[in-house]
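# Chains, contacts and geometry: an overview
So the chains spell out like this:
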Amino acid sequence: MKTFDHPTAAAEFVADDAHAHWHDQALWFIRAKRDKASQTLPEWEVLRERAAAIKQHTISHLGDYLEEFERNATRLGAVVHWARDAAEHNAIVHGLLRERGVRRMVKSKSMLTEECGLNPYLEQQGIEVTDTDLGEWIVQLRREHPSHIVLPAIHIKKEEVGELFHRELGTDEGATDPTYLTEAARHRLREKFLQAEAGLTGVNFGIAETGGFVVCTNEGNSDLGTSLPKLHIASMGIEKLVPRLDDLGVFLRLLARSATGQPITAYSTHYHGPRPGCELHIVLVDNGRTKLLASDDFRNSLRCIRCGACLNTCPVYRRSGGHSYAASVAGPIGSIVNPSRDAAKYHTLPFACTLCGSCGDVCPVKIDLPNQLLTWRQRIAELGLLEPSKRRLMGVAGKLLSSPRLYAFAGSAGRTVLRWAPRWLLYNRFNPWGRQRELPTPPDESFRQWHARRGRGGKS
Amino acid sequence: MRVGLFIPCYIDQFYPRVGIATLRLLEHFCPGQVEFPTSQICCGQPMANSGCVSDARPAAERFVATFRPYDYIVAPSGSCVSMVRHHYHGLVADEAALAEVQAKTFELCEFLTDVLQIEPPAGRFPHRVGMHQSCHGLRDLRLGKSSELNVAPFNKVERLLSKLDGIEYTQPDRADECCGFGGSFAVYEEAVSCMMGRDRISDHQRAGAEVLTAGDMSCLMHLDGLIRRERRPLRVLHVAEVLVEGMGIGGA
Ligand code: SF4
């Protein structure tokens, strides 16, 4: 598999300075809304504590709760399937569609199917899949992937949407008015809803106690997609469980506020078994999650409720764009879960981070993201996946910074070179520090030299 | 009381003036009790943050051995203190020694505020100051409330400077966004790093800052590099330098 390189992709994104700044501002706006919304709840930190505890408890008894969920869901008339990986998930979904002769399916709210590559797979089988979330549909029309788990088209400006819709839907050329464009999309999507013979949704929360589940959307598209067709397939990561119905309130209060700064999502639809005369199938997907569950270092990343707050707050994500992570889940949480799936491919992600810690403080389920990113760096070094240049540099630095004689020698030599070397020697393409920045002005003596001089009676 | 002064390697080499200011401050508040053990070098952070644990080990061992005899260990760097306090596990063989050293290692402002419990010193610093909240100090050491958390506001660094006459804090739009330094991040992710740094500087300039200060010289090294390249009218000073200048204890 092609190794992906975050710094290169990020540099490309940053090269379009105006667009990168626009992207940064758009996401910061949401982060600011999140701050305001969280401040309306004096009990915010208590809620986070509670949510973290509930999730931690759930994942430490995951097997039991999954069985309880399966029992109760089955009792309600749903059919529960288990998928070990993406391929099994796709095969199960395809099997269900094939057996019922489904040619067209609408989909909403599912980053999991993105993770599994369901769309291209089904299209190969001759099945038309339409993403009905406006943002997801836009990226689908552009033959791209979502760049954000909550705001899939956040990287696209409304002018670009106008052009796309003009091409694909025949809207007026040059039209950029969001209301006009949304209306046009609504009409086309209506057709898709009416034609669809199956609707697939993701799951925000599965409830072990009842066997029901909840899907949160702002556009009501999942409601349409599951009300019209007779077949509803719900793709659910096995970590999406909460034990009891009572727990739900904690998460619904945290989710929308963290995600977009709304008090609650416009639609929180509960599904408890199929509608009369219809079918409900729930596909429980592992796809690497039990690997995280088995790992002491990364287990608590399974608490994630995919609110996207860590993406919005991440100063690197905001400036490098979601596509620079080359994965269905980008940003800080993506940099933790993706390497567990393919460490070689994603080895640069845990380094796409300054360890500023903002993600950890923003996370509504208190995942220690910065810590896990640091741990991933160690694992990547142990796996021999560090860039050789970095490996060598750190080897040298390690020696230099633990031997007083070497250190003192290199220090004065370095400062001397810095002082006397011509600019071209210091500032060239081999010095990434100096491309956009000046090096520090080297002083005549180091602190320790000053201190020694002072100790010998020198004036200070 | 014996206070061991830790001067991080890059401050030692490039910013001795920050080391000197720190020493003057400590000598002012704990006269005759401050020592600079010369066997110290580096906390090991550059290697550890790159994932190279084995390369960080000797530095960590040296730190613990050097500083164990002291009652307190003080450094003018939030990120180095965070390294010692939070990331030394598994790097140092003698766990008892490690725990002991971790418990008595403090960042400078933290030491003045929490250990010595000094009142903010009087003095004069008639400038418009932008406070750069260094992330490790803010979110690892909790020197202040981060903007993400919903708890009562506090800021140990700002409080320390609050009694200097004439000081005026300027308020950037983004109170505590990262400057983009991040150690080797500054080199390997140069594009994002520099964009972050420039955004930070612009935010502070829009707010009207003349002086940019922080408890971490590493952030300031990166920001200063950008400031000087673009000849922006902004001076960077470590918090220790602001205090020393304000209190007039700079010496000859
Ligand atoms: S890690 Fe936390 S902040 Fe990030 S998406 Fe998951 S729940 Fe939200």
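Definitions and limits used
- Residues numbered from 1 in each chain as written.
- Chains lettered and ligands numbered in written order.
- Predicted model: local features only at pLDDT ≥ 70, side-chain atom pairs only at ≥ 80, totals over all residues.
- Heavy atoms only, no water.
- Helix = DSSP H or I, 4+ residues; strand = E, 2+ residues; numbered from the N terminus.
- Rg over C-alpha atoms; globule rule 2.2 N^0.38 Å.
- Contact = heavy atoms within 4.5 Å.
- Areas by Shrake-Rupley, 256 points an atom, 1.4 Å probe, with all protein chains shown as cover.
- Lys, Arg positive; Asp, Glu negative; His and termini not counted.
- Charge placed at Lys NZ, Arg CZ, Asp CG, Glu CD.
- Axes fitted to C-alpha atoms, helices over the stretch in contact; angles between N-to-C directions.
- Parallel < 35°, antiparallel > 145°, perpendicular 65-115°, else oblique.
- Left-handed = near helix turned anticlockwise from the far one by under 90°.
- Near = heavy atom within 4 Å.
- Nonpolar A, V, L, I, M, F, W, Y, C, P; charged D, E, K, R; others polar.
- Salt bridge = Lys/Arg side-chain N within 4 Å of Asp/Glu carboxyl O.
- Buried < 20%, exposed > 50% of the residue type's maximum accessible area, 1.4 Å probe, protein only.
- Polar contact = N/O pair within 3.5 Å; in protein donor to acceptor, adjacent residues only side chain to side chain.
- Domains from an automatic or database assignment.
- Pairing = 2+ DSSP bridges.
- Core = buried A, V, L, I, M, F, W, Y, C linked by side-chain atoms within 4.5 Å.
- Buried area = accessible area lost by both parts, 1.4 Å probe.

Chain B is annotated in an unreviewed UniProt entry as Putative L-lactate dehydrogenase of Lacipirellula parvula.

Under an unreviewed UniProt entry, chain A has the name Putative L-lactate dehydrogenase and belongs to Lacipirellula parvula.

## Observations concerning the overall build of chain B
Of the regular secondary structure elements, chain B holds 13 helices and ten strands. Computed over C-alpha atoms, the radius of gyration of chain B comes to 18 Å, within 12% of the 18 Å expected from 2.2 N^0.38 for 252 residues, which places it in the range of a compact globule. Sequence separation of at least 24 residues holds for 77% of the intrachain contacts in chain B that already meet a minimum separation of 6. Here chain B displays about 8200 Å² of accessible surface, and carbon together with sulfur accounts for 52% of that area. Of the side chains in chain B, 25 bear a positive and 31 a negative charge, and the two mean positions are spaced by 3 Å.

## Things to note about the packing of helix 2 (residues 16-29) of chain B against helix 13 (residues 239-247) of chain B
Two packed helices can be described by the angle between their axes and the distance between those axes. All names here are of chain B. Contact geometry of helix 2 with helix 13 gives a least axis separation of 8 Å together with a crossing angle of 60°. Of the possible angle classes, the one that applies to helix 2 and helix 13 is oblique. Of the two elements, helix 2 crosses helix 13, and the hand of that crossing is left-handed. Where helix 2 abuts helix 13, its residues Arg-17, Val-18, Ala-21, Thr-22, Arg-24, Leu-25, His-28 and Phe-29 lie against Ala-240, Glu-241, Leu-243, Val-244 and Met-247.

## What to know about the site of the ligand
Of all residues adjacent to the ligand, which total 13 residues, the nearest are Cys-304, Cys-307, Gly-308, Cys-310 and Cys-363 of chain A. Here the shell around the ligand is composed, by residue class, of eleven nonpolar, one polar and one charged.

## Remarks on the pattern of salt bridges
When the charged atoms of two side chains lie near each other, side chains of opposite charge can form a pair. Inspection of every chain in the model, using the stated rule, returns 56 salt bridges over all chains. Put simply, Glu-49 of chain A and Lys-366 of chain A hold a salt bridge, and the shortest N to O gap is 2.7 Å. One end of the pair, Glu-49 of chain A, is in helix 3 (residues 44-60); the other, Lys-366 of chain A, is in the loop between helix 17 (358-362) and helix 18 (369-382), with 317 residues separating them in the sequence. Exposure remark for Glu-49 of chain A: the relative accessible area of 45% places this residue in the partly exposed category. Classification of Lys-366 of chain A as partly exposed rests on a relative accessible area of 30%. Connected via shared salt-bridge partners are Arg-31, Arg-34, Asp-35 and Asp-361 of chain A together with Arg-139, Arg-142, Glu-148 and Asp-176 of chain B.

## Some remarks on the side chain of Asp-131 of chain A
All names here are of chain A. Tracing the backbone through its elements, the reader meets Asp-131 in strand 3 (residues 128-131). Residue classification places Asp-131 among the buried positions, given a relative accessible area of 3%. Among the polar contacts listed, one links the side chain of Asp-131 to the side chain of Asn-119, at a separation of 3.0 Å. Excluding its chain neighbours within four sequence positions, the residues that come into contact with Asp-131 are Lys-107, Asn-119, Glu-136, Trp-137, Gln-140 and Leu-189.

## Re the domain arrangement of chain A
Split by domain assignment, chain A resolves into domain 1 (41-287) and domain 2 (403-455). Computed from C-alpha atoms alone, the centre-to-centre distance between domain 1 of chain A and domain 2 of chain A is 55 Å.

## Re the sheet that holds strand 8 (residues 168-170) of chain B
Residues and elements named next belong to chain B. Taken in spatial order, the four strands of this open sheet run 8-6-9-10, and their pairing is parallel. Whereas interior strands pair on both sides, the edge strands pair on one side only; in this sheet they are strand 8 and strand 10 (235-238). The mean inter-strand angle of the sheet, taken between neighbouring strand axes irrespective of direction, is 35°. The pairing of strand 6 (residues 128-131) with strand 8 spans three bridges and is classified as parallel. Paired with Arg-128 across the two strands is Glu-168, which belongs to strand 8.

## Comments concerning the nonpolar core
Judged by nonpolar contacts, the single largest core of 172 residues is most densely connected at Phe-205, Phe-251 and Ile-333 of chain A together with Tyr-88 of chain B. Residues within four places of Phe-251 of chain A in sequence aside, it is in contact with Ala-51, Ile-54, Lys-55, Phe-205, Val-242, Ile-305 and Val-365 of chain A. If you look at the next biggest cluster of nonpolar residues, it comprises 20 residues, including Ala-83, Leu-97, Leu-122 and Ile-127 of chain A.

## Regarding the pairing of strand 10 (residues 279-285) of chain A
The two faces of the sheet receive side chains in turn, since in a regular strand these alternate between them. Residues and elements named next belong to chain A. Within strand 10, six of the seven residues are buried, leaving the element largely enclosed by the surrounding structure. Strand direction decides the pairing type here: strand 1 (residues 79-83) and strand 10, joined by five bridges, are parallel. Looking at the pairing, Trp-82 lines up with Leu-284 of strand 10.

## Focus on the domain arrangement of chain B
Residues and elements named next belong to chain B. Under the domain assignment used here, chain B contains domain 1 (3-115) and domain 2 (123-247). Every contact between the two is made by 28 residues of domain 1 and, on the other side, 23 residues of domain 2. Summed over the three residues of domain 1 that lose the most area to domain 2, namely Tyr-10, Tyr-15 and Cys-109, the buried surface amounts to 22% of that side. For the pair domain 1 and domain 2, the number of links is two salt bridges. Ionic pairing is found between Lys-156 and Asp-114, a salt bridge with its closest N-O pair at 2.6 Å. For the pair domain 1 and domain 2, the number of links is nine residue pairs in polar contact (both at pLDDT 80 or more). Contributing elements (two or more residues each) for the side of domain 1 that touches domain 2: helix 1 (9-14), helix 2, helix 5 (78-87) and helix 7 (108-115). Its residues placed into classes, the side of domain 1 that touches domain 2 shows twelve nonpolar, ten polar and six charged.

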